Amino acid sequence: GTAKSVLARRLVRLGGPSALFFERLLTRFSVPEEIFGPLSLRELEQDKYVRQTAGYLPKATVAFIDEIFKANSAILNSLLSLVNERVFDNG
């Protein structure tokens, strides 16, 4: 109701054409795959746990995560290092 997402989208325009925007509305039923990307099946066949992050939060220049306080602990714990330190452990 306060146009937060509009403001975030306009912020991306300031970053130029190479800026990548990620937007998600979280609920208590949200899963990490919605934010970090799905697991790579090819990598799983080789016993590697790697996510396909293109188009998801780890590759974003600007991110808008709405209602983060509604997320479950699995997502909040995963977001901690990414938000604080901009570090994502993909595997």
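The rules behind the values
Residues numbered from 1 in each chain as written. Predicted model: local features only at pLDDT ≥ 70, side-chain atom pairs only at ≥ 80, totals over all residues. Heavy atoms only, no water. Phe/Tyr/Trp six-rings, centres within 6.5 Å; stacked < 30°, edge-to-face > 60°. Helix = DSSP H or I, 4+ residues; strand = E, 2+ residues; numbered from the N terminus. Core = buried A, V, L, I, M, F, W, Y, C linked by side-chain atoms within 4.5 Å. Buried < 20%, exposed > 50% of the residue type's maximum accessible area, 1.4 Å probe, protein only. Contact = heavy atoms within 4.5 Å. Salt bridge = Lys/Arg side-chain N within 4 Å of Asp/Glu carboxyl O. Polar contact = N/O pair within 3.5 Å; in protein donor to acceptor, adjacent residues only side chain to side chain.

Enquirer: Account for the packing of aromatic side chains, with residues named and values stated.
Expert: Taken as a whole, this structure holds two aromatic pairs when the rule is applied. Relative to Phe 88, the ring of Phe 36 has its centre 5.2 Å away and its plane inclined at 15°; by these criteria the two rings are stacked. Pair noted here: Phe 36 is in helix H2 (residues 32-36) and Phe 88 is in the segment after helix H4 (73-85), with a separation of 52 residues, a long-range link.

Enquirer: Please provide a residue-by-residue account of the nonpolar core, values included.
Expert: One broad rule of soluble globular proteins: the nonpolar side chains tend to lie buried together. Phe 22, Leu 26, Ile 35, Phe 36, Leu 57, Ala 60, Ile 65, Ala 71, Ile 75, Leu 79 and Leu 82 together form the largest nonpolar core, which totals 11 residues. For this core, the elements supplying multiple residues, two or more each, are H2 and H4. Broken down by element, this core gets its largest block of residues, three residues, from H4. When neighbours within four sequence positions are excluded, Leu 26 is seen to be in contact with Ile 35, Ile 65, Asp 66, Glu 67, Ile 68, Lys 70, Ala 71 and Ile 75.

Enquirer: Account for the pattern of salt bridges, with residues named and values stated.
Expert: Enumeration over the complete set of coordinates arrives at four salt bridges. With a closest N to O distance of 3.1 Å, Arg 9 and Glu 23 form a salt bridge. Residue Arg 9 is located in helix H1 (residues 4-14), and its partner Glu 23 is located in strand S1 (residues 21-25); the two are separated by 14 residues in the primary sequence. According to the relative accessible area criterion, Arg 9 is partly exposed, its value standing at 37%. The closest approach of N and O atoms between Arg 51 and Glu 33, which form a salt bridge, is 3.6 Å. Of this pair, Arg 51 sits in the loop between helix H3 (41-45) and strand S2 (62-66) while Glu 33 sits in helix H2; the two residues are 18 residues apart in sequence, bridging distant segments of the chain.

Enquirer: Mind laying out the environment of Thr 27, listing which residues take part and the relevant values?
Expert: By secondary structure assignment, the location of Thr 27 is in the loop between S1 and H2. In the structure, Thr 27 is positioned 39 residues away from Asp 66 in sequence and 9.2 Å away in space, judged by C-alpha atoms. Once residues lying within four places of it in the same chain are set aside, the contact partners of Thr 27 are Lys 70, Ala 71 and Asn 72. Polar side-chain contacts of Thr 27 include one of 3.1 Å to the backbone nitrogen of Phe 29.

Enquirer: Account for the side chain of Ser 30, with residues named and values stated.
Expert: Along the chain, Ser 30 turns up in the loop between S1 and H2. Judged by relative accessible area, which is 3%, Ser 30 ranks as buried. A polar contact of 2.8 Å, which involves the side chain of Ser 30, links it to the backbone nitrogen of Thr 27. Those residues in contact with Ser 30 that sit more than four places away from it in its chain are Leu 25, Asn 72 and Ile 75.

Enquirer: Break down the side chain of Ser 40 for me, with residues and values.
Expert: Within the fold, Ser 40 resides in the loop between H2 and H3. For Ser 40, the residues in contact, after removing those within four places along its chain, are Val 50, Arg 51 and Gln 52.

These figures capture arrangement, not role.
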